[in-house]
Amino acid sequence: MARTLVLLLVLLCSSASLVTSSTSAGAGLRMKLTHVDDKAGYTTEERVRRAVALSRERLASMQQQRGAVGDVSAPVHLATRQYIAEYLIGDPPQRADALIDTGSNLIWTQCATTCLKACAKQDLPYYNLSSSASFAPVSCADSAKLCAANGVHLCGLDGSCTFIASYGAGSVIGSLGTEAFTFQSGAARLAFGCVSLTQIAKGALNGASGLIGLGRGRLSLVSQTGATKFSYCLTPYLRNHGASSHLFVGASASLSGAGGAVTSIPFVKSPKEYPYSTFYYLPLTGISEGGYESVIGNFQQQDLHLLYDIGKGELSFQTADCSAL
Ligand SMILES: *[C@@H]1O[C@H](CO)[C@@H](O)[C@H](O)[C@H]1NC(C)=O
């Protein structure tokens, strides 16, 4: 296996500051993450079964991808968005929550005024832009070129910016706007997608209102807040005793000094073409021919603090007691 393999680190998920005018993201953002199985209250036995089923699904999808792109790179993006963060949107604030995704860019939420029957079921009420004083539409020819920053966009007859965002599990369509977002700590004014049509595999949203992308693209939460790093720490999947996982974006992101050895791996340069430009690539070492491929997956990441240092161009990690954060 002398040929170079490039691995995309998948899991949860460049940067000029865009719409951060009235931002208090200076100290960084902090978000509590809830595993979708915690939210749904699955037992340990059910979780083990779900983890096995998900691994099978992932393998099937990787094999499919390999067929599609040859055996050089394997961008994998599918049902691995398993952590949900709650936030507030608008003025007065409305509750919303989102799956966290390192493998995409756009922040979006399903919208009450346009969804009607074309959106997925979610646990919280749909966000209603008509009852928010802080919502503003993004026009198709906006000076910040936010509309053009989305991979696929169209101009509406009324000058609105229509986008399509596609994922392994399906796609969503809506229009781009800006809103006030408040997280567990930290707030920012962000461009986001107000979704009016959701065509995503049933259950893939896990009751969340939308998605938050942490990718390398201009519309990701990381890029929009001008962050040069983010980190997350996941509590054990099967036995977390109710302790939450956390995500930190910007200044608050760090390996929190648990004392263990720090391992750092430089990112491999990402391709320029969309969507490959979205992902963080790592060199893959230690792949074995014997049928066992060692990949950093969710299980290996528990009780590990991972720091994506985009400024430095490296991923670092250290064992940590994530429940202590
Ligand atoms: C959205 O809010 C407006 C203004 O408060 C209200 O009139 C409308 O009924 C709401 N729409 C939905 C779908 O909840």
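Residues numbered from 1 in each chain as written. Predicted model: local features only at pLDDT ≥ 70, side-chain atom pairs only at ≥ 80, totals over all residues.

Caption draft 1: A look at the overall build of the protein chain. Secondary structure summary: the protein chain contains 6 helices and 17 strands in total. Within the span of the protein chain, comprising 325 residues, buried residues form 42% of the whole. (Helix = DSSP H or I, 4+ residues; strand = E, 2+ residues; numbered from the N terminus. Buried ≥ 20, exposed ≤ 12 C-beta atoms within 10 Å, placed from the backbone.)

Caption draft 2: Up close: the nonpolar core. Ranked by internal contacts, the top residues of the largest apolar core, which has 67 residues, are Ala 85, Ala 98, Ile 100, Phe 230, Leu 247 and Val 249. With residues up to four places along the chain from it excluded, the contact list for Ala 85 reads Met 31, Lys 32, Leu 33, Asp 97, Ala 98, Ile 100, Ile 212 and Leu 247. (Core = buried A, V, L, I, M, F, W, Y, C linked by C-beta atoms within 7 Å. Contact = placed C-beta atoms within 7 Å.)

Caption draft 3: Spotlight on unusual backbone geometry. Along the chain, Asp 91 connects to Pro 92 via a cis peptide bond; the corresponding omega equals -5 degrees. In this structure, Pro 92 sits in the loop between β3 (83-89) and β4 (94-101). Residue Pro 275 is bonded to the preceding Tyr 274 through a cis peptide linkage, with omega at 0 degrees. The residue Pro 275 is located in the loop between β14 (263-266) and β15 (281-283) in this model. Despite not being glycine, Lys 145 shows a phi value in the positive range, around 55 degrees. Checked against the element boundaries, Lys 145 lands in the loop between β6 (136-137) and α4 (146-149). Even without a glycine there, the phi angle at Asn 206 is positive, about 55 degrees. Secondary-structure assignment places Asn 206 in the loop between β10 (187-200) and β11 (210-213). Assessed through the 21 C-beta atoms surrounding it within 10 Å, Asn 206 is described here as buried.

Caption draft 4: Structural view of the environment of Ser 223. Positionally, Ser 223 belongs in helix α5 (residues 221-224). The class for Ser 223 is buried, based on 22 C-beta atoms found within 10 Å. Counting along the chain gives 27 residues from Ser 223 to Gly 250, while the straight-line C-alpha distance between them is 9.9 Å.

Caption draft 5: Representation of the site of the ligand in the model. Near the ligand the following residues occur: Ala 112, Thr 113, Asn 128, Ser 130 and Ser 131. For the shell around the ligand, the class distribution of residues is 1 nonpolar, 4 polar and no charged. (Near = placed C-beta within 6 Å. Nonpolar A, V, L, I, M, F, W, Y, C, P; charged D, E, K, R; others polar.)

Caption draft 6: Broad picture of the environment of Ile 212. Position of Ile 212 relative to the elements: it lies in strand β11. Take Ile 212: there are 34 C-beta atoms within 10 Å of it, and that puts it in the buried class. The spatial distance from the C-alpha of Ile 212 to the C-alpha of Trp 108 is 6.7 Å, given a sequence separation of 104 residues. Not counting the four nearest positions on each side in its chain, Ile 212 is found in contact with Ala 85, Ala 98, Ile 100, Asp 101, Ile 107 and Leu 221.

Caption draft 7: Representation of the pairing of strand β12 (residues 229-233) in the model. Counted residue by residue, β12 has 5 buried out of 5 residues, so it is predominantly covered. Neither face of β12 is open: one carries Lys 229, Ser 231 and Cys 233, the other Phe 230 and Tyr 232, and all of them are buried. Inspection of the sheet shows β12 paired to strand β16 (residues 304-309) by 5 bridges, in the antiparallel sense. Looking at β16, one finds that Tyr 232 is bridged to Leu 306. Strand direction decides the pairing type here: β12 and strand β13 (residues 245-249), joined by 4 bridges, are antiparallel. Bridge pairing in β13 links Tyr 232 to Leu 247. (Pairing = 2+ DSSP bridges.)

Caption draft 8: A look at the confidence of the model for the protein chain. The predicted model of the protein chain averages 83 in pLDDT, with 80% of residues at 70 or higher. Per-residue pLDDT, averaged within each element of the protein chain, yields its smallest value for strand β1 (residues 6-8) (34) and its largest for strand β5 (residues 108-110) (98). Of the regions scoring below 50 in pLDDT, residues 1-23 engages in 73 contacts with residues more than four places distant in sequence or in other chains. (pLDDT = per-residue confidence, 0-100.)

Caption draft 9: Broad picture of the pairing of strand β2 (residues 29-35). Because side chains alternate across β2, one face comprises the buried residues Leu 29, Met 31, Leu 33 and His 35, and the other comprises Arg 30, Lys 32 and Thr 34, none of which is buried. Strand direction decides the pairing type here: β2 and β13, joined by 5 bridges, are antiparallel. Within β13, the position partnered with Lys 32 by the bridge is His 246.

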